[in-house]
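Breakdown of the fold
What follows is each chain in one-letter form.
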Amino acid sequence: MKNLYLYINIGSFIIPFLFSFHPKLQFYKKWKYFFPATAIMMAFYISWDIVFTNVGFWGFNDAYITGYKLFNLPIEEWLFFICIPYACLFTLHSLSYLLPNLTFNKQHTSIIHTLLISTMIVCLWYYYDRWYTLVNFTYTILILGLVYNKMPTRLGRFLPTFFIILLPFLLVNGILTGSFIEDQVVWYDHTQNMDIRVFTIPVEDAFYALGMLLTVYVLMEWFESRSKKNKSDL
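Computed from a predicted structure; not experimentally measured.

About the cut-offs
- Residues numbered from 1 in each chain as written.
- Predicted model: local features only at pLDDT ≥ 70, side-chain atom pairs only at ≥ 80, totals over all residues.
- Heavy atoms only, no water.
- Helix = DSSP H or I, 4+ residues; strand = E, 2+ residues; numbered from the N terminus.
- Rg over C-alpha atoms; globule rule 2.2 N^0.38 Å.
- Buried < 20%, exposed > 50% of the residue type's maximum accessible area, 1.4 Å probe, protein only.
- Contact = heavy atoms within 4.5 Å.
- Axes fitted to C-alpha atoms, helices over the stretch in contact; angles between N-to-C directions.
- Parallel < 35°, antiparallel > 145°, perpendicular 65-115°, else oblique.
- Left-handed = near helix turned anticlockwise from the far one by under 90°.
- Nonpolar A, V, L, I, M, F, W, Y, C, P; charged D, E, K, R; others polar.
- 1 Å grid on protein atoms, 1.4 Å probe; cavity = no way out; pocket = protein on both sides within 12 Å on 5 of 7 lines; lining within 4 Å.
- Points joined across faces, edges and corners; volume = space filled by probe spheres on them.
- Salt bridge = Lys/Arg side-chain N within 4 Å of Asp/Glu carboxyl O.
- Expected span 1.5 Å × (residues − 1).
- Arc of directions from axis to C-beta.
- Polar contact = N/O pair within 3.5 Å; in protein donor to acceptor, adjacent residues only side chain to side chain.
- Patch = residues over 30% accessible without salt bridge, like charges linked within 9 Å, V, L, I, M, F, W, Y side chains within 5 Å.
- Areas by Shrake-Rupley, 256 points an atom, 1.4 Å probe, with all protein chains shown as cover.

Details of the overall build of the protein chain
Scanning the protein chain from N- to C-terminus turns up seven helices and six strands. Across the protein chain, helices and strands are ordered from the amino to the carboxyl terminus as α-α-β-β-β-α-α-α-α-β-β-β-α. Relative to the compact-globule value of 17 Å for 234 residues, the protein chain shows a C-alpha radius of gyration of 18 Å, a close match. Looking at the protein chain as a whole, 50% of its 234 residues are labelled buried. Of the contacts made within the protein chain by residues no fewer than 6 positions apart, 78% connect residues no fewer than 24 positions apart.

Here's the deal with the packing of helix H1 (residues 4-19) against helix H3 (residues 75-98)
Following both chains from N to C, one finds H1 and H3 inclined at 30°, their axes separated by 9 Å at the closest point. Compared by their axis directions, H1 and H3 come out roughly parallel. Seen along the crossing, H1 lies across H3 with a hand that is left-handed. Residues Tyr5, Leu6, Asn9, Ser12, Phe13, Pro16, Phe17 and Phe19 of H1 lie in contact with H3, whose contacting residues are Glu76, Glu77, Leu79, Phe80, Cys83, Ile84, Tyr86, Ala87 and Phe90. When grouped by side-chain class, the residues that make up the contact of H1 with H3 number 13 nonpolar, two polar and two charged.

What about empty space enclosed by the protein?
A complete count under the given rule lists one cavity of 30 Å³ or more for this structure. In terms of lining, the largest cavity is formed by 16 residues, of which the most central are Glu77, Asn173, Val186, Tyr188 and Tyr208. At the level of secondary structure, the elements contributing two or more residues to the lining of the largest cavity comprise strand E1 (58-60), H3, helix H6 (152-176), strand E4 (186-188) and helix H7 (204-233).

Description of the pattern of salt bridges
Oppositely charged side chains may form a pair once their charged atoms are brought near each other. Applying the stated rule across the entire model yields four salt bridges. Between Arg130 and Asp129 there is a salt bridge, and its shortest N-O distance comes to 3.7 Å.

A word on helix H5 (residues 131-150)
For H5, built from 20 residues, the straight-helix expectation of 28 Å at 1.5 Å per residue is met to within 8% by its first-to-last C-alpha distance of 28 Å. Of all the positions in H5, only Tyr132, Thr133, Asn136, Phe137, Tyr139, Thr140, Ile141, Ile143, Leu144, Gly145 and Val147 are classed as buried.

What about helix H4 (residues 106-127)?
Taking 1.5 Å of rise per residue, 22 residues should cover 32 Å, and H4 covers 31 Å from first to last C-alpha, within 8% of that figure. Every buried residue belonging to H4 is among Thr109, Ile112, His113, Leu116, Ile117, Met120, Cys123 and Leu124, and all of these are buried. With its buried residues spanning 125° around the axis, H4 presents them on a single face. Pointing more than 90 degrees away from the buried face of H4 are the exposed residues Gln107, Leu115, Trp125 and Tyr126. The residue sitting at the N-terminus of H4 and contributing the capping side-chain oxygen is Asn105; that oxygen lies 3.1 Å from the backbone nitrogen of Gln107.

Describing a nonpolar patch on the surface
Residues Met1, Tyr7, Ile10, Ile14, Ile15, Leu18 and Phe19 make up a contiguous nonpolar surface patch of roughly 720 Å² in combined accessible area. Take Ile10: its relative accessible area is 43%, and that puts it in the partly exposed class.

Some words on the packing of helix H2 (residues 31-55) against H3
At a closest axis distance of 10 Å, the pairing of H2 and H3 adopts a crossing angle of 135°. On the basis of the axis angle, H2 is oblique to H3. When the axes of H2 and H3 are compared, the crossing they make is right-handed. Each of Trp31, Phe34, Phe35, Thr38, Met41, Met42, Tyr45, Ile46 and Asp49 in H2 lies in contact with H3, whose residues at this interface are Glu77, Trp78, Phe81, Ile82, Pro85, Tyr86 and Leu89.

Re unusual backbone geometry
The backbone of Asp195 shows a phi angle near 60°, a positive value even though the residue is not glycine. Considering the arrangement of structural elements, one finds Asp195 in the loop between E4 and strand E5 (197-198). Classification of Asp195 as partly exposed rests on a relative accessible area of 38%. A positive phi angle, near 60°, is found at Phe199, a position not held by glycine. As for its position among the elements, Phe199 is in the loop between E5 and strand E6 (201-202).

As structure tokens, this is what we get:
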């Protein structure tokens, strides 16, 4: 289907956007934190996306995109980094309202943090020469370690929601990587990743989502806390 990537972005975004104005959720009030946080995240993720696309570590099927590009990236790829985090952070915000006790305690957060970090380090020990694995896991280890040491309570809030969000994220990613459709929207050079897949999805993509969404989440939290502090100082 022509423009499939665009439709996936719009489909992921539209319902969270409409419900952002629900009187009990009011996620639109978080926009002043969400968009700067997303811009900072994109500065990291778009940069290596451009490089990896240009050197052929991954690419995009012209049959599924509009053909409009910026720095050799399809416009749909730029929208992905806005629409998907928006849908995910809206979900996190909504679950925090609906299920305020959905959080891991300090012990559980520590165990999960250790398991995630250890898994990535072991993978890097064997696959340090694969560029997608190396860059992705290195960034995720750094952001995960930073948040664990500086904001453990927020990490405890983020992690259970992330595991819930991961299911629809992987559904979207599955379509992009060729599940349920005739061909791939996004293709990978599997010599640059571990070539371990969940259906059609490289396993690195789950950690990619973790680093991307955690970056936006903690920056939003930081911007909001700074804003409240500035108001209280007035």
